Amino acid sequence: MDALALFRSTLEITLPVFAMVFIGLGLKRARWIDAAFVTTASQLVFKATLPTLIFLSIIRADLAATLNPRLLVAFALITLGGFLAVWGWAALRVPRADRGSYIQGAFRGNCGIVGLALAAGMYGDYGLSAGGLLLGVVILTYNAFSVVALAAYRDEARADWRDILAHIVRNPLILAVVAALPVALLAPPLPGWLLTSGDYFASLTLPLALICIGATLSFGALQASGITALSASLMKMVALPALSTGAAWLAGFEGRELGVMFLFFASPTAAAAFVMAKAMGGNAVLTANIIALTTLMASVTLTLGAFGLQVIGLI
């Protein structure tokens, strides 16, 4: 396959994802959907359809091929390294009041929606299964690290760590992974009608979630973005994916394992970062600007990154 054909095949994977994002933006501007729809649909995805998708992808997976403890541990350690690097940079370059939100926005990717969608598009069932397992690590590390960063630069009372831990343990995505593993290992017979119904329900996840992401974009908010938001966005979409993917390659990962890790590392900032920043007294406006900028940048950086890694034969 020549370079042009490879680039076209990469676009065929990434463009449908970002087309849905911009469809969501268009529907919001046309007033066909509103903030109430986005709130309800986002809750439906988070609490029901995405856990169903993860559950089904794991129970159908060949765990011998997709359950790779080494990959899960490596991803967690590389994420920790990226988090500490961003914190060090923020301590030197970012005003103290903005540091918590900067750190969270620069490392917390939207792996549950964008990363998983791209992994499924590029690697099919393997991408869904490996990505679903990897989401368990993502959810734990991203939530824990975000809380630490925001709490460290909050002037109010310290965070209630027991309450935070309880929220992490009750996370629907983590529960879906925990529930699916014994089913995948024991392989009990499940009724065909139940699996088909689950597929119908789970199929709502990616288009609905991507439309909601598009509907939350605000070009008006981007006008208020300063150098801080741009710096965090470049860190999230360029510097960290390059460094993290390079670290994974040096650790011995290649092929589809490295590809899934890259797609997760290179995902734009998660919309959940805004909710957490607002709840913990961070700079919510800065966080919203970072989310908007990284989402807009992702269609270019993810496509070029995936294409480049394929050209040099790493994924």
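Before reading on, note that the structure itself is shown above.
Residues numbered from 1 in each chain as written. Predicted model: local features only at pLDDT ≥ 70, side-chain atom pairs only at ≥ 80, totals over all residues. Heavy atoms only, no water.

(A) Representation of the packing of helix H5 (residues 96-107) against helix H15 (residues 284-311) within the structure. Closest axis-to-axis distance for the H5/H15 pair is 9 Å, and the angle between their directions is 20°. Considering the angle they form, H5 stands roughly parallel to H15. For the pair H5 and H15, the crossing hand works out as right-handed. Residue-level inspection shows Asp98, Ser101, Tyr102 and Gly105 of H5 in contact with H15, the latter providing Leu286, Thr287 and Ile290. Of the residues that constitute the contact of H5 with H15, the class distribution is three nonpolar, three polar and one charged. (Axes fitted to C-alpha atoms, helices over the stretch in contact; angles between N-to-C directions. Helix = DSSP H or I, 4+ residues; strand = E, 2+ residues; numbered from the N terminus. Parallel < 35°, antiparallel > 145°, perpendicular 65-115°, else oblique. Left-handed = near helix turned anticlockwise from the far one by under 90°. Contact = heavy atoms within 4.5 Å. Nonpolar A, V, L, I, M, F, W, Y, C, P; charged D, E, K, R; others polar.)

(B) Structural context of the layout of surface pockets. Considered as a void within the structure, the second largest pocket measures approximately 230 Å³ in volume. For the second largest pocket, the lining is made up of 15 residues, of which Pro241, Ala242, Thr245, Phe262 and Gly305 are closest to its centre. Elements represented by at least two residues in the lining of the second largest pocket include exactly helix H12 (227-250), helix H13 (255-265) and H15. In terms of residue count, H12 provides more of the lining of the second largest pocket than any other element does, seven residues in total. Considering only residue class, the lining of the second largest pocket consists of eleven nonpolar, four polar and no charged. (1 Å grid on protein atoms, 1.4 Å probe; cavity = no way out; pocket = protein on both sides within 12 Å on 5 of 7 lines; lining within 4 Å. Points joined across faces, edges and corners; volume = space filled by probe spheres on them.)

(C) Region of the structure containing the environment of Ile58. By the element assignment, Ile58 lies in helix H2 (residues 35-59). Separated by 118 residues in sequence, Ile58 and Ala176 place their C-alpha atoms 9.2 Å apart. The residues touching Ile58, leaving out its near neighbours within four places in the chain, are Leu63, Gly132, Leu133, Val177, Ala180, Leu181 and Ala184.

(D) Representation of the nonpolar core in the model. Within the largest apolar cluster, 95 residues are counted, with the highest numbers of intra-cluster contacts made by Phe75, Phe264 and Leu302. Each residue touching Leu302, except ones within four places of it in the same chain, is listed here: Phe18, Val114, Leu118, Phe262, Leu263, Ala266 and Pro268. (Core = buried A, V, L, I, M, F, W, Y, C linked by side-chain atoms within 4.5 Å. Buried < 20%, exposed > 50% of the residue type's maximum accessible area, 1.4 Å probe, protein only.)

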